[in-house]
Every structure is written in structure tokens, then in C-alpha cells.
Amino acid sequence: MWVKKRKRKCTQELNQKLLKSDEEIDNEEYGEALSLAQAYNLDSDLVYQRQWRKSPVSIASIQDYLSKIRKRSWVLHECVERVPENVDAAKELLQYGLKGTDLEALIAIGLNEDGGRFIMPGDVDLDDLPYEDLLSDDEELGMKKEKEKIKRQELLVKVDFSRLTLEQKELCRSRLKLLSYLDRLATYEEILGGPHSAEQKYDADFFKKFRSQNIVLSARNYARESNVQALNILFTYHGEELLQHRLAILYNFPETTSPHEYAVLLPEACMDERGELALIPWDEQRHREMDWCEAEECRAVLDQNLFDVDGFLYEDAPDLQRFRTATPSIELLTDWYRSRAQDIDSCSRQ
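- Under an unreviewed UniProt entry, the name given to the protein chain is Sec39 domain-containing protein, and the source organism is Characodon lateralis.
- In its Subcellular location (unreviewed entry) section, the UniProt record describing the protein chain reads: "Endoplasmic reticulum".

1. Side note on the overall build of the protein chain
Phase 1: Helix and strand content of the protein chain: 18 helices and two strands.
Phase 2: Residues classed as buried in the protein chain amount to 44% of the 350 residues present.
Phase 3: Nonlocal contacts in the protein chain, meaning residues at least 24 apart in sequence, comprise 66% of its contacts between residues at least 6 apart.
Phase 4: Summing over all exposed atoms, the protein chain offers an accessible surface of approximately 20300 Å²; the carbon and sulfur share of this is 48%.

2. A word on unusual backbone geometry
Phase 1: A positive phi is found at N112, a non-glycine position, where the angle reads about 60°.
Phase 2: By relative accessible area, which is 68% here, N112 ends up exposed.
Phase 3: The phi dihedral of S226 falls on the positive side, at around 55°, and the residue is not glycine.
Phase 4: Tracing the chain through its elements places S226 in the loop between α12 (215-224) and α13 (228-237).
Phase 5: For S226, a relative accessible area of 23% translates into the label partly exposed.

3. A short note on the nonpolar core
Phase 1: Counting residues in each nonpolar core, the largest one holds 90 residues, and the members touching the most others are L66, L106, Y202, L231, F235 and L265.
Phase 2: Counting residues per element, this core draws most heavily on helix α9 (residues 166-191), at ten residues.
Phase 3: When neighbours within four sequence positions are excluded, L265 is seen to be in contact with V228, L231, N232, F235, R246, L250, F253 and W282.

4. Section: the pattern of salt bridges
Phase 1: Using the criterion set out here, one finds 16 salt bridges in the structure.
Phase 2: Residue R288 is joined to E294 by a salt bridge in which the shortest nitrogen-to-oxygen separation is 2.6 Å.
Phase 3: Because the salt bridges share partners, they merge into one network encompassing D102, R152, R175 and D291.

5. What to know about the packing of aromatic side chains
Think of a pair of aromatic rings as described by two things: how far the centres are apart, and how the planes are tilted against each other in angle.
Phase 1: Scanning the entire structure with this criterion turns up twelve aromatic pairs.
Phase 2: Geometrically, the ring pair formed by F235 and W282 is edge-to-face, given 5.4 Å between the ring centres and 80° between the ring planes. Of this pair, F235 sits in helix α13 while W282 sits in the loop between β2 (277-279) and α16 (296-299); the two residues are 47 residues apart in sequence, bridging distant segments of the chain. With respect to class, F235 is no different from W282; both count as buried.
Phase 3: One residue, R184, lies across the ring of F210, its end atom 5.7 Å from the ring centre.
Phase 4: Positioned above the aromatic ring of Y251, the side-chain terminus of R340 is 5.2 Å from the ring centre.

6. A look at the environment of R175
Phase 1: Among the secondary structure elements, R175 is positioned in helix α9.
Phase 2: Separated by 78 residues in the primary sequence, R175 and G97 place their C-alpha atoms 7.7 Å from one another.
Phase 3: When neighbours within four sequence positions are excluded, R175 is seen to be in contact with L98, T101, D102, D291, W292 and C293.
Phase 4: A polar side-chain atom of R175 sits 3.1 Å from a polar atom in the side chain of T101.

7. With respect to the packing of α12 against α13
Phase 1: Put simply, α12 and α13 touch, their axes get as near as 8 Å, and they point 150° apart. Between α12 and α13, the interaxial angle falls into the category roughly antiparallel. The handedness of the crossing between α12 and α13 is left-handed. Contacts between α12 and α13 involve I215, S218, A219, Y222 and A223 from the former and A230, L231 and L234 from the latter.
Phase 2: Broken down by class, the residue content of the contact of α12 with α13 amounts to seven nonpolar, one polar and no charged.

8. What about the confidence of the model for the protein chain?
Phase 1: Scored by pLDDT, the protein chain has a mean of 87; 83% of the residues are at 70 or more.
Phase 2: Below pLDDT 50 for its whole length, residues 17-25 participates in 20 contacts with residues either more than four positions away or in separate chains.
Phase 3: Of the regions scoring below 50 in pLDDT, residues 123-129 engages in twelve contacts with residues more than four places distant in sequence or in other chains.

9. Quick look at the environment of E199
Phase 1: Locating E199 in the fold gives a position in helix α10 (residues 195-201).
Phase 2: Note: C-alpha distance between E199 and E189 (ten residues apart in sequence) is 8.7 Å.
Phase 3: The contact partners of E199, leaving out residues within four places of it in the chain, are V87 and D88.

10. Let's talk about helix α5 (residues 72-81)
Phase 1: Most of α5 sits out of view: seven of its ten residues are buried.
Phase 2: For α5, every residue scored as buried is listed here: R72, W74, V75, L76, E78, C79 and V80.
Phase 3: Contacts made by the buried residues of α5 are with α3 (45-54), α6 (87-99), α7 (103-110) and α9.

11. Topic: a negative patch on the surface
Phase 1: Where like charges cluster on the molecular surface, the negative patch consists of E240, E241, D283 and E284.
Phase 2: By secondary structure assignment, the location of E241 is in helix α14 (residues 239-242).
Phase 3: When its relative accessible area of 37% is taken as the criterion, E241 is described as partly exposed.

About the criteria used
- Residues numbered from 1 in each chain as written.
- Predicted model: local features only at pLDDT ≥ 70, side-chain atom pairs only at ≥ 80, totals over all residues.
- Heavy atoms only, no water.
- UniProt positions renumbered as here; feature names shortened; annotations may be inferred.
- Helix = DSSP H or I, 4+ residues; strand = E, 2+ residues; numbered from the N terminus.
- Buried < 20%, exposed > 50% of the residue type's maximum accessible area, 1.4 Å probe, protein only.
- Contact = heavy atoms within 4.5 Å.
- Areas by Shrake-Rupley, 256 points an atom, 1.4 Å probe, with all protein chains shown as cover.
- Core = buried A, V, L, I, M, F, W, Y, C linked by side-chain atoms within 4.5 Å.
- Salt bridge = Lys/Arg side-chain N within 4 Å of Asp/Glu carboxyl O.
- Phe/Tyr/Trp six-rings, centres within 6.5 Å; stacked < 30°, edge-to-face > 60°.
- Lys NZ or Arg CZ within 6 Å of the ring centre and 35° of its normal.
- Polar contact = N/O pair within 3.5 Å; in protein donor to acceptor, adjacent residues only side chain to side chain.
- Axes fitted to C-alpha atoms, helices over the stretch in contact; angles between N-to-C directions.
- Parallel < 35°, antiparallel > 145°, perpendicular 65-115°, else oblique.
- Left-handed = near helix turned anticlockwise from the far one by under 90°.
- Nonpolar A, V, L, I, M, F, W, Y, C, P; charged D, E, K, R; others polar.
- pLDDT = per-residue confidence, 0-100.
- Patch = residues over 30% accessible without salt bridge, like charges linked within 9 Å, V, L, I, M, F, W, Y side chains within 5 Å.
- Lys, Arg positive; Asp, Glu negative; His and termini not counted.
- Charge placed at Lys NZ, Arg CZ, Asp CG, Glu CD.

Laid out in C-alpha cells, this is it:
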């Protein structure tokens, strides 16, 4: 009885320390609160959560605070929702979230062995291994690539995607969102001129909007702004979503912008092996390899709401629907060029 009363009193004392405003609490009191939590087996997450929320996101704050928080739902919420003020921290936070949503965590949840905890690759206990020991440089990653591929295949065999629990599905959805945000961050870096340039030009407020924005809308907006470089990058890295709308998107360049300025984006043709004119396909690229959660086997069970993300592009110009294809015929391309030339000519006469 005395022990229970003492623990209740310590819990109240811990909460009182953490309820102080940011201006009142200092590092010494954080230390006292942490010692109190450890001495009486209280939830130390509360201490680290408060410190994490007070600190700017960095590799150091991830290592010192976020990596010590056990509750998976809380950690993933921070990884998905928080947008750091610099590009390196933004990348680090998303990658940390990915580490806790991999197959090891998915399998542990299915076996009810996770306890709601944030589980890192290899089912590592965060209390036993410092976060910095989990980081690898590019050279080490390259050497481990084949070994990890074999391990991943072994883990995938243990997963029956048709029988995922609600909690497992939520983990997969979080992983898909983290991957999407990481891809958008890589695209944003390219638009800014590369990683080095991005360090100076990165805008957290812009990225917060860009990472969640409909990619078709982003492409249309860049066309209306005559931003050729940005649109070129979007077509290259997001071609699966965009190239079927390429001709409709190009129609959004102002008629006053010379076609010579965006000639690099215009479809081209050449003679094929049969001596016939054929479309030159766009040179698509990927920021990374496809992840296991992006496979149709996984996506099919996630019950994600599919909605019309590109219909707006054709609302004001329904005639453009006939150009909606990633592989237009030469006849269709000729029709598009003729139609576009007429629009530009008509605008110049006004």
C-alpha cells in the first residue's frame, strides 16, 4: 500500500514538473523529472516528449529525445506531421520514421510482440543501442545492400498481406506517407538546384504545402508560371502520375511565353526501326527503388480512398481530354501542335 501511494505521489510530482511552461522549466528540472521516472518505473516518455517539442529538429534532438520515446503512435505522428526548418533535418526525421515502419515492426505487431513500441530494424531495443549506432554512411549501405535484400525477402515471406490487422494497416499507411514526403523532398531539392543549394534556399512553409499538394496541381501551377526547370523535374521524377497529362499541362503555359522557352518539354518524334515516325518517350527516373509497401499486394488491402485528382485539369477545357495519354500517336501529336499553334496565334491577334 505504501509503495502504491508513493508511486502515485511521484507520478503527480512528475506531471507537475512537466506542466510548467517552457519559460519556467529548465534542463536541471528535466533531469530531476527523468530521475524520478526511472527510479519509480514511471513513463519517461513524458519527459522526452516535452524536450523534443521544445527543441528544433536536428540529428542531435532525434538522438537525444525522439529516439528515447517508446510510444510508436506518438513518434510516427511527429515524423509525419512535423516539418523541420532545414532540409537536412527534414530528411533525417522522415528517414527515422521509415526505420520504425519497416517489416520488423509490421511482423512484431502481427505477433502482438510490439507493446505499442516504436521498433527499429532488427527488432532492436532502443534502450540497449544508441541511436547513432543505427546510422550508416553511403558506403556501408552499398556493401549491405545485397544482404538486406535477402533478409527483406525472408521477412516478406512471413507477412500475409490479406490478413493484416488494423494496426498493421495503419503502419503501412504511415510508411507510404513518409516515402511520399521523402520523394517530394528529393524533388524539391532538385528544383532548388541540388542538395548544396537546397541548404540555403529551403523554405519549410513552402515544403509543408508542396509535400502534400496534388502533384498534377503542382505541375499545372509551374506551367502557368512558365517554370520550365521545375516542370522538367516533375515530369522526370513523377512521370507515372503526370505524363498522361503532359499535353494538357503544357497547354497551361501562357500564350505569351515563347514555345522556344519550353521546347525541352515539348513532345518529339523520330524514325523507329520500321522507318515510321514514333514518339520519343520521356526519360523517367526514380529517387529510389520501389518499397515493399508500394507493391500492389500491400496497397490493395489498405482501403485508401481513391478520388479524382486530375479532373480539374479538364474542367475548363474538356476538349483537352482527347490528349489524355502518356503515349500519343503521331496523328494526335499533330492535332495537339495544330490546336496549340492556333491558340497562340489567336492570342497574338488580340
